[in-house]
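Structural overview for review
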Amino acid sequence: MINCENIELISIHIPKTAGTSFRNSLESVYGKRRVGRLDIEDLYGIKLNNKTISKAHLPRKLKVLHGHFTYLDLVRRYKFDKRAHIITWLRDPVKRVISNYFYLVKILELELKEQKKGLDITRKVVKSLDEFASLEINKNRMSKFLEGIDLKKFFFIGFVEDYQSDINILKQKLGWKNLHRYQSNQTSSQKIIINEHKTIKIIEENNAADIELYNKALDLKNASLFS
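Residues numbered from 1 in each chain as written. Predicted model: local features only at pLDDT ≥ 70, side-chain atom pairs only at ≥ 80, totals over all residues. Heavy atoms only, no water.

At a minimum axis distance of 13 Å, the contact between helix H1 (residues 19-30) and helix H8 (residues 163-174) shows a crossing angle of 30°. Classified by the interaxial angle, the pair formed by H1 and H8 is roughly parallel. In the packing of H1 onto H8, the handedness of the crossing is right-handed. Only Tyr163, Ile167, Leu170 and Leu174 of H8 make contact with H1, whose side of the interface consists of Ser21, Phe22, Ser25 and Tyr30. For the contact of H1 with H8, the class distribution of residues is six nonpolar, two polar and no charged. (Axes fitted to C-alpha atoms, helices over the stretch in contact; angles between N-to-C directions. Helix = DSSP H or I, 4+ residues; strand = E, 2+ residues; numbered from the N terminus. Parallel < 35°, antiparallel > 145°, perpendicular 65-115°, else oblique. Left-handed = near helix turned anticlockwise from the far one by under 90°. Contact = heavy atoms within 4.5 Å. Nonpolar A, V, L, I, M, F, W, Y, C, P; charged D, E, K, R; others polar.)

Listed below in C-alpha cells is the structure:
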C-alpha cells in the first residue's frame, strides 16, 4: 500500500454526475498541477491525467484526487491521512442511467463519424436503452462505486439536481476563495424515442440499491449532515 498523506481531498466521480464540471472547479481552486485525475479500471489499469502509469506512485505535489475509481479500489492501493476529505456527487438513478446511455451513443457516433459516412452503424451496434439498463455492468453503479464506506463517513455528498447550491455549501465548508463554476457535458436524449413508462420501470428494477442509496443520502442531507 502506497502512502499518500499529501492528499487533502478525494473526489469519487460516478459516471454522469457532473464530473467534468466539478473537476474544472477543483482546478480553479487548487490549480491544475495539484489536481490529479485518477482512473482505476480492471481493463486499462491505473491512469493519471489520462496517461497509464506502470507504478501506482502519485506525485507529492498533488493535493486532490478526482476520477473514476471505486472506494475499495482506492483504499486497497493507497493509504491516506485520516484528515483527508472524501466527497462524491449523486444523481437521480433513473436520470443517471439514461444520461449515461445517450452519452455513450453520442461518443460512438462521433468516433464512427456516422453522419459523414451516411451509415446507421450506431443502431446496429448499440443496444436499446432497455437492454443497456439490464446489463449487469450498468446496474447500481453508484452503489458499486461507494461500496465499503458508510455514507455518514463522507465529508460531503452533493446532488446533481442541486449542483449550484450544493457546490456553494462545499465552498463554505472548505473555505474556498477562488471557485469558478462550470457546466459541461450536457447530453441530449432527443434522437431516440423511448417507451418512457416501460423503460423507467426497467431502470428502477435494475437499480433498486441505487434508489435506496440516493434516498438515504437525501435524508442525511436534509438532516444537515453535509452542511
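The next subject is the sheet that holds strand E5 (residues 51-52). Reading across the sheet, the seven strands line up as E5-E4-E3-E6-E2-E8-E9 and stay open at both edges, with mixed pairing between neighbours. Two strands lie at the open edges of the sheet, namely E5 and strand E9 (156-159), each paired on one side alone. As judged from the four bridges shared by strand E2 (residues 9-12) and strand E8 (residues 85-90), these two strands associate in the parallel manner. Residue pairing in the sheet places Ile10 in a bridge with Ile86 of E8. Seen against the sheet, H1 touches E2, strand E3 (35-41), strand E6 (64-67) and E8 and runs at an angle of roughly 165° to E6. Contacts from H8 reach E2, E8 and E9, with the element oriented near 160° to E9. (Pairing = 2+ DSSP bridges.)

Let us look at the pattern of salt bridges. The tally for this structure, following the rule as stated, stands at 10 salt bridges. Close ionic contact of Lys139 with Glu136 constitutes a salt bridge, the shortest N to O distance being 3.7 Å. In this structure Glu136 comes out as exposed when scored by relative accessible area, which is 52%. Linking Lys144 and Glu136 is a salt bridge whose minimum nitrogen-to-oxygen distance equals 3.7 Å. Linked through salt bridges whose partners overlap, the residues forming this network are Asp73, Arg76 and Arg77. (Salt bridge = Lys/Arg side-chain N within 4 Å of Asp/Glu carboxyl O. Buried < 20%, exposed > 50% of the residue type's maximum accessible area, 1.4 Å probe, protein only.)

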